[in-house]
Amino acid sequence: MVRVLVTGAAGFSGRTIARRLVAAGCEVVAHRRSSPLPDDLAASAAVTDWRGDLAELDALPDGVEAVVHAAATSTPTGRADAVPAEVLIRDNALASARLVEAAKAAGVRRFVYLSSLSIHGTVNERSLDASTPIREPDPYGVSKLMGESVLAASGIPAVAIRLPAVIGPGADRNWPVQVIRRIRRHETVRIYNADGPFNNVVHVDDVAEWIATLLTAAEPMHGFNAAPVASREPIPVRAAVATIAAGLGLDTHLEEVVAPRPSFTIDTVAAQSLGFRPSATVDALDRYARDPD
């Protein structure tokens, strides 16, 4: 039985990952800073509740063999200045550095870091992959990039998962969430690049399944890998909104706006080579729309 520390286990992605790891037979140390764990995790004999501020971390709990770092402070979509830069650097970059240092001291041999496509900043290419240049990321993107850099330099075998919009029951702060809220309020949904291909989304269950595979595989993890993830089979933006509306069983009204630059798709070849198995874009959006809460 692998003993795994999951940071941010009370949060949206963290709790889903913790549940999947328990189902895979792992023992989970569920870290949280303030919010309580969901009832099912709190009641599980396979889960140890561990509360603390990662930016002040000195050492990992005893026996931790692997780490999933899902804890982070993020900004709402379209509001990059909503959280002060110093808060983002402390909660993301400094906390990650302290966690990586403690993991190295504990001899951790598998580390999964939930990073973000925000590290790339402005994307001019029509397809984004791990080699896409980094151009002036915002403070949140910088804070996640610093976490990646510390992890890459540590020598701990690791995978940094560069996430797009993550959806699933209870998702918050991304474009599909905003679309659902507008459709439910019978408001107009404004879209850019209506005919442009879209796969800038991933279902949280697909991410959790991949992480469970990475941490329970018989073969050891090697080196440091950074991989963007997304759904497969891109669809036009207008079709993405239509899929969400159909899943909700509601009509929608669109306002199409000319965008300052073309849209881009996300290449998941690197992630798939490491075992990632994404849902099709239509399937991920439909599943989320039918169970958004």
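Above this note sits the structure.
Fair warning: this is a prediction, and the values are worked out from it, not measured in the lab.

*Asks:* I'm lost on the overall build of the protein in this one. Help?
*Replies:* Helix and strand content of the protein: 9 helices and 15 strands. Relative to its length of 293 residues, the protein is compact, with a C-alpha radius of gyration of 19 Å against a globular reference of 19 Å. For the C-alpha atoms alone, the extent of the protein along its principal axes is close to 55 × 40 × 35 Å. Evaluated residue by residue, the protein yields a buried proportion of 49% over its 293 residues.

*Asks:* Where do I start with unusual backbone geometry in this structure?
*Replies:* Excluding glycine, most residues fall at negative phi; most peptide bonds, likewise, are trans. You will see that Glu136, though not glycine, has its phi angle at about 50°, which is positive. Tracing the backbone through its elements, the reader meets Glu136 in the loop between β6 (127-128) and α4 (139-154). What makes Glu136 exposed here is its relative accessible area of 75%. In this structure, His186 takes a positive phi of about 60° despite not being glycine.

*Asks:* Got a minute to help me understand the layout of surface pockets in this structure?
*Replies:* Summary: where empty space remains is shown by rolling a probe the size of a single water molecule over the atoms. Roughly 190 Å³ of internal volume is contained in the second largest pocket. Lining the second largest pocket, in full, are Arg110, Val159, Thr213, Leu214, Ala217, Glu219, Pro220, Met221, His222, Asn225, Leu274 and Gly275. A class-by-class count of the residues in the lining of the second largest pocket yields 6 nonpolar, 4 polar and 2 charged.

*Asks:* Whenever I open this one, the environment of Pro278 confuses me. Can you help?
*Replies:* Positionally, Pro278 belongs in the loop between α8 (269-273) and α9 (281-290). The contact partners of Pro278, leaving out residues within four places of it in the chain, are Asp206, Ala230, Ser231, Arg232 and Gln272.

*Asks:* Explanation requested: the sheet that holds strand β4 (residues 66-69) in the structure shown.
*Replies:* Consider a sheet: its strands pair through backbone hydrogen bonds, and that pairing is either parallel or antiparallel. Strand order in the open sheet made by the 7 strands is β3-β2-β1-β4-β5-β7-β12, with parallel pairing throughout. Looking along the sheet, the strands with just one partner apiece sit at the ends: β3 (47-51) and β12 (224-228). The mean inter-strand angle of the sheet, taken between neighbouring strand axes irrespective of direction, is 20°. Note that strand β1 (residues 3-7) and β4 share 4 bridges and pair parallel. Looking at the pairing, Val4 lines up with Ala66 of β4. Packed on one face of the sheet, helix α1 (residues 12-23) meets β1, β2 (27-32), β3, β4 and β5 (110-116) and runs near 165° to β1. Here α4 sits on the sheet and contacts β5, β7 (158-163) and β12; the angle it forms with β5, its principal contact strand, is near 160°.

*Asks:* For this particular structure, what's the right way to read the pattern of salt bridges?
*Replies:* Between side chains of opposite charge, pairing is possible as soon as their charged atoms come close. Within this structure, the stated rule accounts for 22 salt bridges. A salt bridge links Asp58 to Arg98; its shortest N-O distance comes to 3.2 Å. Here Asp58 is found in the loop between β3 and β4, whereas its partner Arg98 is found in helix α3 (residues 85-105), with 40 residues between them in sequence. For Asp58, a relative accessible area of 68% corresponds to the exposed category. Residue Arg98 is classed as partly exposed on the basis of its relative accessible area, which comes to 24%. Among the ionic pairs, Glu187 bridges to Arg182, the shortest N-O distance being 3.2 Å. Ionic contacts of the salt-bridge type, sharing partners, join the residues Arg33, Asp53, Glu56, Arg90 and Asp91 into one network.

*Asks:* Would you mind showing me how to read the pairing of β2 here?
*Replies:* Successive residues of a regular strand alternate their side chains across the two faces of the sheet. A large share of β2 lies buried, amounting to 5 of its 6 residues. Bridge count for β1 against β2 is 4 bridges, and the pairing is parallel. Within β2, the position partnered with Val4 by the bridge is Val28. Running through α1, the crossover from β1 to the neighbouring parallel element β2 is right-handed. Note that β2 and β3 share 5 bridges and pair parallel. What sits directly across from Val29, in β3, is Thr48.

*Asks:* Would you explain the side chain of Glu148 in this entry?
*Replies:* Looking at the secondary structure, you find Glu148 in helix α4. Owing to a relative accessible area of 4%, Glu148 belongs among the buried residues under this scheme. Leaving out residues up to four positions away in the same chain, Glu148 has contacts with Tyr113, Ser115, Ile119, Ala160, Arg162, Phe224 and Ala226.

*Asks:* I tried to follow the environment of Ala130 on my own but got confused; where do I start?
*Replies:* Inspection of the secondary structure assignment puts Ala130 in the loop between β6 and α4. Residues Ala130 and Ala270 lie 140 residues apart in sequence; the distance between their C-alpha atoms is 7.6 Å.

Criteria and thresholds
Residues numbered from 1 in each chain as written. Predicted model: local features only at pLDDT ≥ 70, side-chain atom pairs only at ≥ 80, totals over all residues. Heavy atoms only, no water. Helix = DSSP H or I, 4+ residues; strand = E, 2+ residues; numbered from the N terminus. Rg over C-alpha atoms; globule rule 2.2 N^0.38 Å. Buried < 20%, exposed > 50% of the residue type's maximum accessible area, 1.4 Å probe, protein only. 1 Å grid on protein atoms, 1.4 Å probe; cavity = no way out; pocket = protein on both sides within 12 Å on 5 of 7 lines; lining within 4 Å. Points joined across faces, edges and corners; volume = space filled by probe spheres on them. Nonpolar A, V, L, I, M, F, W, Y, C, P; charged D, E, K, R; others polar. Contact = heavy atoms within 4.5 Å. Pairing = 2+ DSSP bridges. Axes fitted to C-alpha atoms, helices over the stretch in contact; angles between N-to-C directions. Salt bridge = Lys/Arg side-chain N within 4 Å of Asp/Glu carboxyl O. Right-handed = clockwise from strand over helix to strand, strands pointing away.

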